[in-house]
Structures are given as C-alpha cells and as structure tokens.
Amino acid sequence: MIHVMASSVLNAPISSVWGLIRDFGTLGRWLPGVKSCVIEGDDPGDRVGAIRRVEMGDVGVIREQLLALSDVDHAVTFSIIESALPIRNYRSTITLLPITDDDRTFIRWRGQFEASAEHAASMEARMPTHIYQPAFDRLAEILALRETRS
C-alpha cells in the first residue's frame, strides 16, 4: 500500500473552508482540471454512499464514493470505484483542523492506494503535487476572493 499526504494552512476560519469541501458534488469548484462533477442519481452531496462522476481533463472519468462525512471532525473520506488511473484500492480523507491563532485552518489530504511497480513511484509523486496541493492553492484563492468582497 502506498501512502501519500499533503497539508497546508488556509487563511480562513474552518467554517468557511468546510463550507467549500463538505458537499461531495462541488469538487469541480476547487480542484483544478475538473471539467465536470455531478452526483449520480438523486443523492444529495452529503449523503454517505453517494457517488460522484468526475470528468478530468487529463485522465477521463473517475467515479468516487463518499464513505464518511463528519461535521464534528470536519473530515470527508471517499474511495475511487472506477478510473483509468493506474491505481487500485484508492481511499483518501480530507481533514480540517482549526488553528486558533488568527482563526486559520490546517488542511490535510491523505490517500492510500496500490499500484503496479511500473506506476508506483510516478503516482506516489503525482497525488500530493499535482492533485492535493493544487486543490489547496485553489481553495486559498477562492477564500481570498471571498475575503476581499466582504
């Protein structure tokens, strides 16, 4: 099993950040490279078991299932159930923690997956640098825009 992780500090209160990532169907708003993101069926975006269909510009369609969502712990866990990526058994958790000094938010995205020997190193490097960190950067941009408007 390969474990990957990225973290960052966002200059916004946890309630503002949680409001952006809590809905499983809004990934396209804050993950660069997403062409479309929809929840399949009639499920709301915060129902455990919901499946989202994400069309990514570089890897095609990825289907993911929401496994857990906690408003108390500010955490969302999901798995990939279908993808063209050269990985298997992908599961990840995005967790938010309050930074009480100056009302900021610590965000951590942890993932784990299996990959063949030929793809393991490239996927291990790609997840934190090409997926997780760009998502954090985009969240920071969105939050900064909101701050300047208020």
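Details of the structure are given in the entry above.
Residues numbered from 1 in each chain as written. Predicted model: local features only at pLDDT ≥ 70, side-chain atom pairs only at ≥ 80, totals over all residues. Heavy atoms only, no water.

Caption draft 1: View of the nonpolar core. Core analysis: the biggest nonpolar cluster contains 46 residues, and Trp30, Ile87, Tyr90, Trp109, Phe113 and Met127 have the highest contact counts within it. Here the element with the most residues in this core is helix α3 (residues 117–149); it accounts for ten residues. In contact with Tyr90, other than residues within four places in its own chain, are Phe78, Ser79, Ile80, Trp109, Gln112, Phe113, Met127 and Tyr132. (Core = buried A, V, L, I, M, F, W, Y, C linked by side-chain atoms within 4.5 Å. Buried < 20%, exposed > 50% of the residue type's maximum accessible area, 1.4 Å probe, protein only. Helix = DSSP H or I, 4+ residues; strand = E, 2+ residues; numbered from the N terminus. Contact = heavy atoms within 4.5 Å.)

Caption draft 2: How the structure looks around α3. An ideal rise of 1.5 Å per residue puts 48 Å on 33 residues; α3 measures up with 48 Å between its terminal C-alpha atoms. Of all bends in α3, the biggest is about 40°, found at Arg126, and the proline Pro128 comes one to four residues later. The set of residues buried in α3 consists of Ala120, Met123, Met127, Pro128, Ile131, Tyr132, Ala135, Phe136, Leu139, Ile142 and Leu143. Against β1 (2–10), α1 (14–21), α2 (27–30), β6 (88–99) and β7 (104–114) lie the buried residues of α3. (Expected span 1.5 Å × (residues − 1). Bend = angle between axes of the 7 residues up to and from the residue.)

Caption draft 3: Summary view of the sheet that holds strand β3 (residues 51–56). Strand order across the open sheet formed by seven strands is β1-β7-β6-β5-β4-β3-β2, with antiparallel pairing between neighbours. Only two strands of the sheet have a single neighbouring strand rather than two, namely β1 and β2 (34–39). Shown here is a sheet whose adjacent strand axes are inclined to one another by a mean of 20°, direction ignored. Against the sheet, α3 engages β1, β6 and β7, with an angle of about 20° to β1. (Pairing = 2+ DSSP bridges. Axes fitted to C-alpha atoms, helices over the stretch in contact; angles between N-to-C directions.)

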